[in-house]
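Chain by chain, the residues:
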Amino acid sequence: MVYKTKGVCASAVSFDLVDGKITGAKFTGGCSGNTQGVCALVEGMDAKEAIKRLSGIRCGFKSTSCPDQLAKALQEALNQEG
């Protein structure tokens, strides 16, 4: 899945879900070290657990963040599988 992010420096996040587990997550743009770190941490994680952990994280004065956008993307992917 490729999700176009909103309100953050990254323009998109892509990933696959295999049996509900996150694989191959990658951000396009954004703070390279931070987005790579987030992707490494969620690799193999259950999507529902990642959503629980990442939802609502803010970046400075922004109402969202790259981790929050990943959570939104994961939720959308789960809804499409539904």
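Up top is the structure these notes are about.
In short, a report on the structure. (Residues numbered from 1 in each chain as written. Predicted model: local features only at pLDDT ≥ 70, side-chain atom pairs only at ≥ 80, totals over all residues. Heavy atoms only, no water.)

**Some words on the pattern of salt bridges**
The tally for this structure, following the rule as stated, stands at two salt bridges. Put simply, Arg53 and Glu49 hold a salt bridge, and the shortest N to O gap is 2.6 Å. With Arg53 and Glu49 both in helix 2 (residues 47-54) and four residues apart, the pair spans about one turn of that helix. By relative accessible area, Glu49 is classed as partly exposed at 26%. The residue Lys72 makes a salt bridge to Asp68 at a minimum N-O spacing of 3.6 Å. Of this pair, Lys72 and Asp68 both sit in helix 3 (residues 66-81), four residues apart, which is roughly one turn of that helix. (Salt bridge = Lys/Arg side-chain N within 4 Å of Asp/Glu carboxyl O. Helix = DSSP H or I, 4+ residues; strand = E, 2+ residues; numbered from the N terminus. Buried < 20%, exposed > 50% of the residue type's maximum accessible area, 1.4 Å probe, protein only.)

**Some remarks on the pairing of strand 3 (residues 21-28)**
Sheet analysis places strand 2 (residues 12-18) next to strand 3, joined by six bridges and oriented antiparallel. The residue bridging Ala12 from the neighbouring strand is Thr28, located in strand 3. Between strand 2 and strand 3, which pair antiparallel in sequence order, lie two residues; one of them, Asp19, sits at a positive phi of approximately 55°. (Pairing = 2+ DSSP bridges.)

**Describing the environment of Gly29**
In this structure, Gly29 sits in the loop between strand 3 and helix 1 (32-42). Judged by its relative accessible area of 44%, Gly29 falls in the partly exposed class. For the pair Gly29 and Gln75, spaced 46 residues apart in the sequence, the C-alpha separation amounts to 21 Å. Those residues in contact with Gly29 that sit more than four places away from it in its chain are Ala10 and Thr35. (Contact = heavy atoms within 4.5 Å.)

**Some remarks on the state of the cysteines**
Counted under the stated rule, the structure contains zero disulfides. The cysteine Cys31 is free of any disulfide, with Cys9 supplying the nearest cysteine sulfur at 5.5 Å. (Disulfide = S-S within 2.5 Å.)

**Examining the sheet that holds strand 3**
Spatially, 1-2-3 is the arrangement adopted by the three strands of the open sheet, whose pairing is antiparallel. Of all strands in the sheet, those with a lone pairing partner are strand 1 (2-4) and strand 3, marking the two edges. Each adjacent strand pair in this sheet contributes to an overall mean axis angle of 25°, direction not counted. Across the face of the sheet, helix 3 comes into contact with strand 1, strand 2 and strand 3 while running at roughly 45° to strand 2. (Axes fitted to C-alpha atoms, helices over the stretch in contact; angles between N-to-C directions.)

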